[in-house]
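Tertiary structure, described
So the chains spell out like this:
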Amino acid sequence: MSGEPQARPDGRATAREPDVDGERAQRAGAQPPESTVGVPIFNPFDPAFRADPYPFYAQLREQDPVHVSPFGFTVLTRYEDVSRTLRGAEFSRDVEANAVVQDADTARALRRETLRRRYEAGEAAKSILGLDPPDHTRLRRLVSLAFTPSAIERLRPRVQQLVDDCLDRAADRGSTELVDDLAFPVPFQVISDLLGMPTERSDEIRDWSQTLTGALEPTADHATMEAAELASQQLGAYLREVIDDRREHLGDDLLSQLLLVEDDGDRLLPAELMSFVVLLYVAGHETTVNLIGNGTLALLRHPDELARWRDDPSLDASAVDELLRYDGPVQQTVRIPMQEVRYGDVTVPAGSTVMTVLGAASHDPAMFDDPETLHLDRPNANRHLGFAAGIHYCLGASLAKLEATVAITTLIRRFPGLELAGEPSWRDRLTIRGVGHLPLSW
Ligand code: HEM
């Protein structure tokens, strides 16, 4: 289908600001479409899509790889298109500044307007993830030293100790719910340690983070956006107290380094520091929890591969890349073309929203042989796009891989008889995809 120029089903211009949000859909009486037959459609409202998006991705990639969604954005599912978009200098990540707003009444547009006003008033700053060069280049240079692979490798003993402590407690009980007992506490404690954050309020912080990331969902409605705004204010108020205190009592943690960081006379402004700390805190655990959860589940569903990794430590350095490729925590992100771009015969206008589906690209048979099967020794697994690509490539990639590798290898070697002790449940999210509960026994 990509051989033909695409038009919206309603005959309007091609994709612009996504107008998909829960209330809009309700007003329009949106129903999950018949997505298994006929024309494939990217429908984030379809529970079957959210439960297992991969068959839907395959259908889109085969039949309509540059899909102009009726919801108003262009959905890319081929590896080549996704990779080119993430790396291309003609695309912006600054959605608030550059996406053309079609309907100022959507939840997403209203939230953007609120954020825009706050940025203009100097009350908040865009996070590094929402910036384009040269601002992005400046911030990334200031913060990247703490995340080099060698700096992260120094955390290995602490990560191992945390994993061992969690598994000691599980061993005493004789069973575990992996998400609450291991996959959440380890990354949460590591990012808290790194930043030198107290952990007494971890339950509240976990709730705020989960509520905040709800705003990333393509289905987010007004209530979700309002809840995200409240959570962001609560998390911000808490972090402001910690930052103010740290300014008075500097330590050897990352937060103290960020308060002092200076490069050619350049420093982080207070609002920049705050938004970076929020991003680190949220990205530091909301995603890695799902790599440990989804990865462990994938192994349990491929027992031969699990046994192979358990018995062969030479796989430790690379197997986690295949888990990221196979069922990664971040399924999609967006870019805004700053000029008209073409994918084959499809023209996408400047200012429209292009959704790059990372999970679909990482399952493209043009790049990965037998993509729907887990092969821990896949030679090119590290070409997955689970950490995106280009200038916004995940800053925490080394840390996430270290945490997941230590957690999963320790788990499967300590409990060789590991098995599912009940049906796993999935969190009802599409952008950040993760197992909600994973009961295990041995
Ligand atoms: C498995 C775990 C993780 C996954 C799958 C993941 C995925 C991603 C992806 C896809 C992006 C790029 C998004 C885009 O281009 O729109 C990103 C950016 C980022 N990630 Fe991660 N992430 C993970 C863990 C972490 C951790 C542990 C940290 C920090 C401690 C972190 C910090 C960041 C930051 C700061 C950025 C923004 C980089 C920039 O804009 O230059 N991430 N991550």
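Everything discussed here concerns the structure shown above.
Report on the accompanying structure.

Definitions and cut-offs
Residues numbered from 1 in each chain as written. Predicted model: local features only at pLDDT ≥ 70, side-chain atom pairs only at ≥ 80, totals over all residues. Heavy atoms only, no water. Helix = DSSP H or I, 4+ residues; strand = E, 2+ residues; numbered from the N terminus. Buried < 20%, exposed > 50% of the residue type's maximum accessible area, 1.4 Å probe, protein only. Contact = heavy atoms within 4.5 Å. Areas by Shrake-Rupley, 256 points an atom, 1.4 Å probe, with all protein chains shown as cover. Donors = N, O, S within 2.8 Å, 3.2 Å for Na, K, Ca; no water. Salt bridge = Lys/Arg side-chain N within 4 Å of Asp/Glu carboxyl O. Near = heavy atom within 4 Å. Polar contact = N/O pair within 3.5 Å; in protein donor to acceptor, adjacent residues only side chain to side chain. Nonpolar A, V, L, I, M, F, W, Y, C, P; charged D, E, K, R; others polar. Axes fitted to C-alpha atoms, helices over the stretch in contact; angles between N-to-C directions. Parallel < 35°, antiparallel > 145°, perpendicular 65-115°, else oblique.

Turning to the overall build of the protein chain, a few remarks are in order. Check the secondary structure of the protein chain and you find 20 helices and 12 strands. Burial analysis of the protein chain (442 residues in total) assigns 56% to the buried set. Taking contacts inside the protein chain between residues at least 6 apart in sequence as the whole, the part at least 24 apart equals 72%. Surface exposure of the protein chain reaches about 18500 Å², of which carbon and sulfur atoms provide 51%.

Moving on to the coordination of the iron atom of the ligand. Of all protein atoms, Cys394 (SG) alone acts as a donor to the iron atom of the ligand, lying 2.3 Å away. Mapped onto the elements, cysteine 394 comes out in the loop between α19 (358-361) and α20 (397-414).

On to the pattern of salt bridges, then. Evaluated as defined, the whole model comprises 20 salt bridges. Across the pair arginine 78 and aspartate 81 runs a salt bridge, and its minimum N-O distance is 3.0 Å. In this structure, aspartate 180 engages arginine 206 in a salt bridge whose closest nitrogen and oxygen atoms are separated by 3.0 Å. With aspartate 180 in helix α10 (residues 178-183) and arginine 206 in helix α12 (residues 202-213), the pair connects residues that are 26 residues apart, well separated along the chain. According to the relative accessible area criterion, arginine 206 is buried, its value standing at 18%.

Attention shifts here to unusual backbone geometry. Of note, the amide linkage connecting proline 133 to proline 134 takes the cis form, showing an omega dihedral of 5°. Looking at the secondary structure, you find proline 134 in the loop between α6 (107-120) and α7 (135-143). Residues other than glycine seldom take positive phi values, yet aspartate 370 does so here, at roughly 45°. The phi dihedral of alanine 388 is positive, around 65°, even though this residue is not glycine. Residue position: alanine 388 is located in the loop between α19 and α20. You can call alanine 388 buried: its relative accessible area is 12%.

Moving on, we get to the site of the ligand. As a matter of local geometry, the ligand sits amid 29 residues, with His136, Arg140, Thr333, His392 and Cys394 nearest to it. Separating an oxygen atom of the ligand from a side-chain N or O atom of histidine 136 is a distance of 2.7 Å. Elements with a minimum of two residues in the shell around the ligand: α7, α15 (270-286), α16 (288-300), β5 (332-337) and α20. Broken down by element, the shell around the ligand gets its largest block of residues, 4 residues, from α15. Residues that form the shell around the ligand fall into these classes: 18 nonpolar, 8 polar and 3 charged.

This next bit is on the packing of α16 against helix α18 (residues 319-327). The contact between α16 and α18 brings their axes to 9 Å, and the two run at 90°. When the axes of α16 and α18 are compared, the pair comes out roughly perpendicular. Contact residues: α16 offers Leu291, Asn294, Gly295, Ala298 and Leu299, while α18 offers Val320, Leu323, Leu324, Tyr326 and Asp327. Among the residues forming the contact of α16 with α18, the class breakdown is 7 nonpolar, 2 polar and 1 charged.

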